[in-house]
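# Tertiary structure, described
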Amino acid sequence: MTMTSNIKNILKTLKKDSEIIYTEQFLEEIEKRNLLDGEIEDLILLKKPKKIKKYTKHENRYQITYELNKCSDIIIIIDLFNNTKIILISSIPINKKYKPEYQEKPLDLTSTYDMAFDILNLESTDTYRYLQSIEVDEGIYIDWDNCGTPIGMELISISKKFKLKARKFSSSIIEGTLTITKNTIKIELTNTLNVVNFKPRHFESETENTLKIPEGKFNFKTKIIPD
């Protein structure tokens, strides 16, 4: 019997109408991994058989490796007893077979500036799956998704980095370029004000790429919005 035939048989079994019970561990993983409603439904109902990469069955337990996207697989374990389907656990490891490609593109980031604490937060407007944060310099944190794309930044004492008063910084525009090479992560920032004779101010920082973030070059521009 071919794998396709086996999968069809498994799907017939798992798709039968039955009560579904979710364990706390499953729900915690779903929340932690920021899965979208559609993705959760696809997983539970196994709507896309072509994304099933691997499966095992032992008695009433099914363990299925399901492709979530090009960077991640998800492992879902289902116990089937009588007319009850128990969803036990979901975990998303980075797909080791995925080879990150060089990326060069603009980032669409929104800004929130906390003037009292002088902290600027930038966050992607795209849908993403958070993976990790890296401190690239004192008070500069960059968030990454599981495909190696920057999805946000937190910049502490940001006005001081440009030698500006917080009130002036709160009405400015910030442009940036983030360059990741095999060995380094470099961020270059330019701050401008719509004021006569104001000269743009610059800040840059570079650190080692010790976590082997995929190479790429990203640029962004956003107006500072006070919180």
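Look above for the structure.
These lines cover the structure that appears in this document, whether it is placed above or below. Note that this is a predicted model, so its numbers are computed, not measured. (Residues numbered from 1 in each chain as written. Predicted model: local features only at pLDDT ≥ 70, side-chain atom pairs only at ≥ 80, totals over all residues. Heavy atoms only, no water.)

### A look at unusual backbone geometry
Here is the rule: Secondary structure elements follow DSSP: runs of H or I no shorter than four residues count as helices, runs of E no shorter than two count as strands, and numbering proceeds from the N terminus. Relative accessibility thresholds used throughout: buried, under 20% of the residue-type maximum; exposed, over 50%; partly exposed, between the two (1.4 Å probe, protein chains only).
A positive phi angle, near 55°, is found at Ser157, a position not held by glycine. Of note, Ser157 is situated in the loop between β11 (150-156) and α4 (158-161). For Ser157, a relative accessible area of 28% gives the class partly exposed. One non-glycine residue, Lys163, lies in positive phi territory at about 55°. Counting through the fold element by element, Lys163 comes out in the loop between α4 and α5 (166-169). Given a relative accessible area of 71%, Lys163 falls into the exposed group.

### Digging into the environment of Ile180
Put simply, the rule reads: Residues are treated as being in contact if the distance between any of their heavy atoms lies within 4.5 Å.
Within the secondary structure, Ile180 sits in strand β12 (residues 173-180). Each C-alpha atom, one on Ile180 and one on Ile213, is 7.3 Å from the other, the two residues being 33 residues apart in sequence. For Ile180, the residues in contact, after removing those within four places along its chain, are Trp144, Ile185, Asn209, Ile213, Pro214, Glu215, Gly216 and Phe218.

### Focus: the sheet that holds strand β8 (residues 119-124)
Defined as follows: Strand pairing follows a simple DSSP-based rule, namely that at least 2 bridges must link the two strands. Here an angle of 0 to 180 degrees is reported between the N-to-C directions of two axes, which are lines fitted to C-alpha atoms, with helices fitted over the stretch in contact.
Read across the sheet, 5 strands follow the order β7-β8-β11-β10-β9 without closing on themselves; strand pairing throughout is antiparallel. Unpaired on one side and paired on the other, β7 (109-114) and β9 (130-137) mark the two borders of the sheet. Taken over all neighbouring pairs, the strand axes of this sheet differ in orientation by 15° on average, direction set aside. Bridge count between β8 and β11: 5 bridges; the pairing is antiparallel. Residue pairing in the sheet places Asn121 in a bridge with Glu154 of β11.

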